[in-house]
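Close look at the chain arrangement
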Amino acid sequence: MPLTAPLRAPWHPTALLLVLALWLATLGNFPLWTALWRLPEMHGPQAVATLGLLVLVVLAATLLLLSLLVWPRWLKPAGLLLLTITASSSYFMASYGIVIDPTMATNVVQTDMGEALDLLSWPLLVTLTLGAALPGIWWWRQPVRAVGAVRLAGQQLGAGLLGLLVAVALLWTSFQDVASLMRNHKQLRYMVNPFNTVYAVGRVAVGRTTQAQKPLRPLGEDARGPAATGTDPDGAPLIVLVVGETARAANFGLGGYGRDTTPRLQALQGQGDLVYFSNVSSCGTNTQTSVPCMFSHLGRDGYADASERHENLLDVLQRAGLAVLWLDNQSGCKGVCERVPNVDTRALDFPDVCPDGQCLDEAMLRQLPQELSKLPAERRARGTVVVMHQMGSHGPAYYKRSPQALKRFLPECTSHALQECPVEHIQNAYDNSLRYTDHFLAETVQWLQAQKRPTALLYLSDHGESLGEKGLYLHGMPYRMAPKEQTQVPMLAWISKPLQQDRHWDMACLRAKAGQPWSHDNLFHTLLDVASIHTQVHVPALDILSDCARPA
Ligand SMILES: [Zn+2]
């Protein structure tokens, strides 16, 4: 006889699943139920009834999902995993107003250690303790009864079927109400734990496998570049494209923002060689959508539906004989630079611009001359295109994106849990990061001006950012429901006098186009033009510079 008898008889596996479903459907979906309760149309006894009904529908559907996916051998680990996923996605939904969709799942998969550490905070640890660790310990310690495989299969599938019937019957009774709620508030469907995660991960996994099996389709096989300029490889044009990170148009001084976040760029604009485009929309609301999309010839619509794998702008430039280089101060180029020379600059040894082993964007400019000299001379003699991928205003640790000496707006939010800071402190830290981008771009122009050859700088941010407007933080909202703060991005072009003269470009013509609506779709075609590449994939109607060359 054991000294301590078990506190209770072992659970039937299906009964334990029901307990898990109850937790997930109620506490595990706390952000969903609060978001629903706060909707303007939810008031009075009708709202209580709708809410109760939806809780029951989610409970029944969760039971169905669990009964199909979770079998006794994985019962304990699967439960722990679901508790952890649910607690963390609840935390991010409640704190930042994000939702969990396939692009958010890709985002999580591609997040590196540094970015993950930037998200760690006390509120997150408390949520994980209460939502995953404590219930997880309870869950792990529960004794489970052994049930024959065939009998269990019957019982578990029976429970799942019951869940299905209950969910369908409940929805049937108030289909109109629920349908109109979901239609009017599309983000709600991405808030249902754990279905949002299961769906998103499934979509990403299927998408990756099917895309990975596709052969890479060549692009611009007819591309021709300029002829080599004599014997001096450093006499040919040098074009720098800076891909910005998380810079939103709303806070860009050049676009009319109330604070002076771009003093040095404004000075360059005053000299007449810089044009700022004030109405530019991004392809996606996150890096892993926007970056490949802006280098693709497909444009936003085509890129979203693409099932094929295509070469990109950099492949076309390289095929036309130019030297191409990608410097990355962020978490990688999302596949865009795979076939061209590329260098990670995040951990270089420049003590002044790489404090604590994490480099500011200027490290790219420091490293640039050395990397340029390594490119093949016969290519450089035709021209060079360099992409610098910034760390920019990557959040939530905005305060890390500018050096102490350049901080202009104080105090800054230094918590990784943004919602703990007053909104002004978040704006201060974010605006300082834009001031640093202004500094970085102006330094780059200054360096280009010192080169004895035709040069140009293009700058385009990958997506915007929410800084607390409408309760939203960060970025990554599904595009259809994303606010303008996340989709309107700054873009500018600085063209040196020698390049303007070589190409007979009229800057007044470009300035006249500065307020028109442009988007990431225009980068591919415009950069081909700037680099003097002739190919049938160049579409003049999408090239911002087309018609801006005066007849020679
Ligand atoms: Zn980004």
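It should be noted that the structure appears before, not after, this text.
Before going into details, it helps to say that this report is about the structure given with it. In this text, all values refer to a predicted model and were calculated from it rather than measured experimentally.

Right, let's talk about helix H12 (residues 287–294) for a bit. With eight of eight residues buried, H12 is to be regarded as a mostly interior element. What H12 keeps buried is the set Thr287, Gln288, Thr289, Ser290, Val291, Pro292, Cys293 and Met294.

Bringing the packing of aromatic side chains into the picture now. On inspection of all chains with the given rule, the structure shows nine aromatic pairs. Between Phe295 and Trp326, the aromatic rings sit 5.5 Å apart at their centres with planes inclined by 55 degrees, giving tilted as the arrangement. Of the two residues, Phe295 sits in the loop between H12 and helix H13 (299–305) while Trp326 sits in strand E6 (residues 323–328), which places them 31 residues apart along the sequence. Residue classification places Phe295 among the buried positions, given a relative accessible area of 0%. Given the relative accessible area of 0%, Trp326 is considered buried. Taken together through their ring pairs, the aromatic side chains of Tyr91, Phe92, Tyr96 and Tyr473 make up a single cluster. A cation over an aromatic ring shows up here: Arg259 above the ring of Phe409, its NZ or CZ 4.4 Å from the ring centre. Over the face of the ring belonging to Tyr479 we find Arg300, whose NZ or CZ atom lies 3.7 Å from the ring centre.

Counted according to the given criterion, the structure contains one cavity of 30 Å³ or more. By volume, the largest cavity is sized at about 120 Å³. Lining the largest cavity are Phe277, Leu458, Tyr459, Leu460, Met491, Leu492, Ala493, Leu510, Leu523, Thr526, Ile544 and Leu545. Among the elements of the structure, strand E9 (455–461), strand E12 (491–495) and helix H21 (521–530) are those that each provide at least two residues to the lining of the largest cavity. Looking at the lining of the largest cavity residue by residue, the class counts come to eleven nonpolar, one polar and no charged.

What follows covers the sheet that holds strand E3 (residues 274–277). Spatially, the seven strands line up as an open sheet ordered E3-E12-E9-E2-E8-E6-E7, and their pairing is mixed. Only two strands of the sheet have a single partner each, and these edge strands are E3 and strand E7 (342–344). Looking at each pair of strands side by side, their axes are set apart by 15 degrees on average, direction ignored. The pairing of strand E2 (residues 238–244) with E9 spans seven bridges and is classified as parallel. When the sheet's bridge partners are listed, Ile239 is paired in E9 with Ala456. Relative to the sheet, helix H15 (residues 362–373) contacts E2, E6, E7 and strand E8 (384–389), its axis offset from that of E6 by approximately 150 degrees. Its contacts with the sheet place helix H17 (residues 423–450) against E2, E8, E9 and E12, and it is angled at close to 165 degrees to E9.

Rules behind the numbers
Residues numbered from 1 in each chain as written. Predicted model: local features only at pLDDT ≥ 70, side-chain atom pairs only at ≥ 80, totals over all residues. Heavy atoms only, no water. Buried < 20%, exposed > 50% of the residue type's maximum accessible area, 1.4 Å probe, protein only. Helix = DSSP H or I, 4+ residues; strand = E, 2+ residues; numbered from the N terminus. Phe/Tyr/Trp six-rings, centres within 6.5 Å; stacked < 30°, edge-to-face > 60°. Lys NZ or Arg CZ within 6 Å of the ring centre and 35° of its normal. 1 Å grid on protein atoms, 1.4 Å probe; cavity = no way out; pocket = protein on both sides within 12 Å on 5 of 7 lines; lining within 4 Å. Points joined across faces, edges and corners; volume = space filled by probe spheres on them. Nonpolar A, V, L, I, M, F, W, Y, C, P; charged D, E, K, R; others polar. Pairing = 2+ DSSP bridges. Axes fitted to C-alpha atoms, helices over the stretch in contact; angles between N-to-C directions. Contact = heavy atoms within 4.5 Å.

Geometric values such as these leave the question of function open.
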